[in-house]
4 protein chains.
Amino acid sequence: MGKPPNAIRRSDKSRKATLAAALDLCAELGYSAVTVEAIANRAGASKATIYRWWPSKGAIVLEAIDEAGLAPKTFPDTDDLAADLHTQLCGILSVFTDQRLGPAFTGVLAEGQLDPGLSQELRERLIEPRLAQCYTRMRNAQDRGQLATDADLDVAMDLLHAPIYRRHVLGYPLPTPDYLDKLIEHTLRVLAPASATTSSRARRDLAEAPPNHPE
Amino acid sequence: MGKPPNAIRRSDKSRKATLAAALDLCAELGYSAVTVEAIANRAGASKATIYRWWPSKGAIVLEAIDEAGLAPKTFPDTDDLAADLHTQLCGILSVFTDQRLGPAFTGVLAEGQLDPGLSQELRERLIEPRLAQCYTRMRNAQDRGQLATDADLDVAMDLLHAPIYRRHVLGYPLPTPDYLDKLIEHTLRVLAPASATTSSRARRDLAEAPPNHPE
Amino acid sequence: MGKPPNAIRRSDKSRKATLAAALDLCAELGYSAVTVEAIANRAGASKATIYRWWPSKGAIVLEAIDEAGLAPKTFPDTDDLAADLHTQLCGILSVFTDQRLGPAFTGVLAEGQLDPGLSQELRERLIEPRLAQCYTRMRNAQDRGQLATDADLDVAMDLLHAPIYRRHVLGYPLPTPDYLDKLIEHTLRVLAPASATTSSRARRDLAEAPPNHPE
Amino acid sequence: MGKPPNAIRRSDKSRKATLAAALDLCAELGYSAVTVEAIANRAGASKATIYRWWPSKGAIVLEAIDEAGLAPKTFPDTDDLAADLHTQLCGILSVFTDQRLGPAFTGVLAEGQLDPGLSQELRERLIEPRLAQCYTRMRNAQDRGQLATDADLDVAMDLLHAPIYRRHVLGYPLPTPDYLDKLIEHTLRVLAPASATTSSRARRDLAEAPPNHPE
DNA sequence: TGTTAACCGAGACGGTACGTCTGGTCTTAGA
DNA sequence: TCTAAGACCAGACGTACCGTCTCGGTTAACA
């Protein structure tokens, strides 16, 4: 059939314009109102060119988000695990709330649930690099005795990240930074080493600190 | 303009056939391949009739799921909180895995993320009745001293339910019943009353924190 | 199937309202934009009632035109054949140009060309009664020696009436009264008795009369 | 808004298939039972393609008739005016009676009466080219002294062509060739030059009339 | 440096679903 | 039994996108 195109000769101008058009249109119209046709027009590209390089609208938008690279793929390691987790979770939150990327990411996420191929690409390009960093950071914490050696990191992942997704998916307000702190606190408490010491102190400090009622 | 139709004269036969056709087609073809046109044909209804009563494919499927009522809206209360939670979470899981309802629910969930109206309807008809039951059950547990009196039930909701959604949304395997047990155990451990045995130290620290539950 | 309704119990109010609504809507929107539904709404009748008594929109409008009875079915007989013909042809013209009936008649005429049943009804109720009068009038003229005894009255019919229809059908301006005179003059000339006398004189007078340049 | 399509890149295959399908379907089902959808299916074209190039069913069928070109647009000139007129009128008749074009032409004619745009197109593409030829032929006859120099050719047009339309429109049998001869004879008799033999008396009276041909 | 193969924009194409509309039938309740 | 009201099935309407395609025109790697 159609032989694969030669990536070397690909027009980078056209590629960039397409990705930018995709993000802009998502921000302007919402993901579902965006069509490949509109992206092509906005980008000054032809539909054939777009379909030569991407299989679907979702794939374009996914690549555009990846390229934009809002949330860093690296994970801070400041020896304060709770703070580092907070930093990272806020980074994830920002992808949902970002003016330009939010609608695009929401769209890709939704479409991925109905398109296994897109879902896999989404995991591989956006989710797992960051997840792996999180894993590594927590394993480091285990090595340093800040977490129980038998702590189940998969559970930790779920307890920390899942609430963001659940609230997004069901249309509830996303967690506030304060709420994230609460989640981190609860999670680390269960995963703390048998003789909880330093870390838990820091925790309490944070909890007692300012009378930070939300919003 | 278009005045609302008279619900009294509505054909129940047509309504039921439409809902059944919607579920069947979702199971056969997958949500995104289902069209209103196909539902109409399968149901032996006319498109006009369908659009008279539902605004979109999503609304039809949502109502069909609600009507099918796979997961019970009632929450067991056997005095064993962990077991009751497990029962309930398995009920939620079954909506995702059910042969007939799974694809439909997945579709509505995905579409809801792009359609605020559908999302709200989804919450009101499917999610919140069950969530409210869960809330009530946990409040009962608090009254009986099985949970800390100041346990943050919103956090508990997130810790228990969110992993199912996150895994579904990102295309990871859903939690197994064993994994659900693990989640429940972790969660209840943090929310256990101060007098609880294991890891009671960590518990007390947490319980001492100021009563800062917003909202 | 549906047994014929009992005409005795028919609601005359509903019938009259329907016919009036049909004519009014034709005048307001043009025949093709009128729907049975709109007629029913305007008349305060239900569609079922209308379909019980008329088979189609065309039949309603046809009956409405007949009832309105703009052009008289009787033919004047003043001993001046040309003048009588002119009177009659102007009557026919008026059906096309009448503010209220014109659009309705145009519609029925057009639809009749595609619906043999309607066409037949049209001929029987509107066309032939008037045509028969015309025939009779000309036969009288023959008896009085104003026309050749062997004049072909079918040809006369065509020569006199057809130009109106041709111009209407093709969208040309309808004949003016002056032009009708010219047609009558030409026609009577060919059908005049061998020794053309009185009639032809009157004709010439008319032709010479005023410097009647058109329009 | 919708910019006009580029006619150069138009698919001639698709165009021809559409026109053929339109004529065939008219012949098979009758004009009013034909839908644009059916034409598209039969032609193997998509509806979008059809609507890109034609505004309505009527426009398609009109172009198809024009293209089929049953009745020649040229007018014979054999020095026998009556014979030439007969030839031409038979050509017109044949458009009504042709197995394939008849139903199509009938439909366009009927629809034109309710759609001024279609009517104008009909006149410009089908009617007037032939009418102009007829005019020219008769003017030639005048030059050769076969018709009175002051004969009103507009009236002649009406007398000759109109009966066909009237009979068609009202659903009467179309004129037979013999009847056409009779019409031609009657018409030419009124328009013959003063020096003509038969019924020259009547002719002269008419010819003496003042030169009142308006328009 | 000239050839040529692959890219590119443009946009027409066959499909197909959309959401709306009308035609005609049928049901219900009321007079 | 007729009526008004209006829901119903059927299916065409004209529009919008889809993903494919053909067309010249341009560009860049290689001869």
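Residues numbered from 1 in each chain as written. Chains lettered and ligands numbered in written order. Predicted model: local features only at pLDDT ≥ 70, side-chain atom pairs only at ≥ 80, totals over all residues. Heavy atoms only, no water.

## Observations concerning unusual backbone geometry
Residue and element names in this part refer to chain B.
Right, so step 1: Residues other than glycine seldom take positive phi values, yet Asp79 does so here, at roughly 75°.
Right, so step 2: Residue position: Asp79 is located in the loop between α4 (57-68) and α5 (81-97).
Right, so step 3: Asp79 gets classed as partly exposed once you look at its relative accessible area, which sits at 48%. (Helix = DSSP H or I, 4+ residues; strand = E, 2+ residues; numbered from the N terminus. Buried < 20%, exposed > 50% of the residue type's maximum accessible area, 1.4 Å probe, protein only.)

## Structural notes on the protein's contact with DNA strand E
Right, so step 1: Near DNA strand E there are 39 residues, and of these Asn6 and Thr49 of chain A, Arg9 and Tyr51 of chain B together with Trp53 of chain D occur at the shortest range.
Right, so step 2: A share of 61% of the atoms of DNA strand E within 4 Å of the protein falls on sugar and phosphate groups.
Right, so step 3: One of the side-chain N or O atoms of Ser46 of chain A is found 3.1 Å from a base nitrogen in DNA strand E.
Right, so step 4: Note that a phosphate oxygen of DNA strand E is positioned 3.1 Å from one of the side-chain N or O atoms of Trp53 of chain A.
Right, so step 5: When the residues that make up the surface near DNA strand E are grouped by side-chain class, the tally is 14 nonpolar, 14 polar and 11 charged. (Near = heavy atom within 4 Å. Polar contact = N/O pair within 3.5 Å; in protein donor to acceptor, adjacent residues only side chain to side chain. Nonpolar A, V, L, I, M, F, W, Y, C, P; charged D, E, K, R; others polar.)

## A word on the packing of helix α5 (residues 81-97) of chain A against helix α9 (residues 177-191) of chain A
For any two helices packed against each other, the geometry comes down to the angle between their axes and how far apart the axes lie.
All names here are of chain A.
Right, so step 1: Relative orientation of the contacting elements α5 and α9 amounts to 135°, with a least axis distance of 10 Å. Taken together, the axes of α5 and α9 are oblique relative to one another. Handedness of the crossing formed by α5 with α9: right-handed. In this structure, α5 uses Leu81, Ala82, Leu85, His86, Leu89, Cys90 and Leu93 to contact α9, whose residues at the interface are Pro177, Leu180, Asp181, Ile184 and Leu188.
Right, so step 2: A per-class count over the contact of α5 with α9 returns 10 nonpolar, 1 polar and 1 charged. (Axes fitted to C-alpha atoms, helices over the stretch in contact; angles between N-to-C directions. Parallel < 35°, antiparallel > 145°, perpendicular 65-115°, else oblique. Left-handed = near helix turned anticlockwise from the far one by under 90°. Contact = heavy atoms within 4.5 Å.)

## Observations regarding the protein's contact with DNA strand F
Right, so step 1: Surrounding DNA strand F, one finds 41 residues, the nearest of these being Tyr51 of chain A, Thr49 and Trp53 of chain B, Asn6 of chain C together with Tyr51 of chain D.
Right, so step 2: Close to the protein, within 4 Å, the atoms of DNA strand F are drawn from sugar and phosphate at a rate of 62%.
Right, so step 3: Trp53 of chain B is positioned such that a nitrogen or oxygen atom in its side chain is 2.6 Å from a phosphate oxygen of DNA strand F.
Right, so step 4: Here a phosphate oxygen of DNA strand F and a backbone polar atom of Glu37 of chain D are 3.0 Å apart.
Right, so step 5: Put simply, the parts of the chain that give the surface near DNA strand F at least two residues each are α2 (36-43) and α3 (47-53) of chain A, α3 (47-53) of chain B, α3 (47-53) of chain C together with α2 (36-43) and α3 (47-53) of chain D.
Right, so step 6: By residue class, the composition of the surface near DNA strand F is 14 nonpolar, 14 polar and 13 charged.

## Details of the relation of the copies chain A and chain B
Right, so step 1: For the pair chain A and chain B, the relating rotation is 180°, the translation along its axis is 0.0 Å, and the fit reaches an RMSD of 0.2 Å. Between the two chains, the operation in question is that of a two-fold axis.
Right, so step 2: A share of 91% of interface residues in chain A that are also interface residues in chain B marks the association as one of identical surfaces. (Least-squares fit on C-alpha atoms with pLDDT ≥ 70 in both.)

## Things to note about the relation of the copies chain C and chain D
For these two chain copies, the linking operation is a rotation about an axis paired with a shift along it.
Right, so step 1: Here chain C sits on chain D after a turn of 180° about the axis and a move of 0.1 Å along it, with an RMSD of 0.2 Å.
Right, so step 2: Taken as a fraction of all interface residues of chain C, those also at the interface in chain D reach 91%, which identifies the copy contact as same-surface.

## Concerning helix α8 (residues 153-170) of chain C
All names here are of chain C.
Right, so step 1: Taking 1.5 Å as the rise per residue, α8 with 18 residues should run 26 Å; its terminal C-alpha atoms sit 25 Å apart, in good agreement.
Right, so step 2: The largest bend in α8 is about 45°, located at His161, with the proline Pro163 one to four residues further on.
Right, so step 3: Taken across its 18 residues, α8 has 17 buried, putting it largely inside the fold.
Right, so step 4: Looking at where α8 begins, the residue whose side-chain oxygen comes 2.9 Å from the main-chain nitrogen of Asp154 is Asp152.
Right, so step 5: In the stretch just after α8, Gly171 is the one whose phi turns positive, near 80°. (Expected span 1.5 Å × (residues − 1). Bend = angle between axes of the 7 residues up to and from the residue.)

## Some remarks on the interface of chain C and chain D
Interface size is commonly expressed as the accessible area that is lost once the parts come together.
Right, so step 1: In this complex, chain C contributes 46 residues to the contact, which on the side of chain D involves 47 residues.
Right, so step 2: For the chain C and chain D pair, buried surface summed over both sides reaches about 4,300 Å², with 63% attributable to carbon and sulfur atoms.
Right, so step 3: Applying the counting rule to chain C against chain D returns 6 salt bridges.
Right, so step 4: Between Lys182 of chain C and Asp152 of chain D there is a salt bridge, with its nearest N and O atoms 2.8 Å apart.
Right, so step 5: Where chain C touches chain D, the interface holds 21 residue pairs in polar contact (both at pLDDT 80 or more).
Right, so step 6: Counting only elements with at least two residues in the side of chain C that touches chain D, the list comes to α6 (101-112), α7 (116-143), α8, α9 (177-191) and α10 (198-208) of chain C.
Right, so step 7: With 14 residues, the single largest contributor to the side of chain C that touches chain D is α8 of chain C. (Buried area = accessible area lost by both parts, 1.4 Å probe. Salt bridge = Lys/Arg side-chain N within 4 Å of Asp/Glu carboxyl O.)

## Quick notes on the interface of chain A and chain B
Right, so step 1: Contacts between the two partners involve 44 residues from chain A and, on the opposite side, 48 residues from chain B.
Right, so step 2: Across the chain A to chain B interface the summed buried area is about 4,300 Å²; carbon plus sulfur atoms make up 63%.
Right, so step 3: In this structure, the connection of chain A to chain B is made through 6 salt bridges.
Right, so step 4: Among the secondary structure elements, those contributing two or more residues to the side of chain A that touches chain B are α6 (101-112), α7 (116-143), α8 (153-170), α9 and α10 (198-208) of chain A.
Right, so step 5: The element contributing the most residues to the side of chain A that touches chain B is α8 of chain A, with 14 residues.
Right, so step 6: A per-class count over the side of chain A that touches chain B returns 21 nonpolar, 11 polar and 12 charged.

## Considering the state of the cysteines
Right, so step 1: If you walk through the whole model with that rule in mind, you get 0 disulfides over all chains.
Right, so step 2: Cys90 of chain B takes part in no disulfide bond, and the closest cysteine sulfur to it belongs to Cys134 of chain B, at a distance of 13 Å. (Disulfide = S-S within 2.5 Å.)

## As for the domain arrangement of chain A
Residues and elements named next belong to chain A.
Right, so step 1: Examined at the domain level, chain A breaks down into domain 1 (11-67) and domain 2 (70-208).
Right, so step 2: On a C-alpha basis, the centres of domain 1 and domain 2 stand 30 Å from each other.
Right, so step 3: The interface is formed by 14 residues belonging to domain 1 together with 15 residues belonging to domain 2.
Right, so step 4: Summing both sides of the interface, domain 1 and domain 2 together bury roughly 1,300 Å²; the carbon and sulfur share of this comes to 65%.
Right, so step 5: It is Leu62, Ile65 and Asp66 that lose the most area in domain 1 upon contact with domain 2, and together they represent 46% of the buried surface on that side. (Domains from an automatic or database assignment.)

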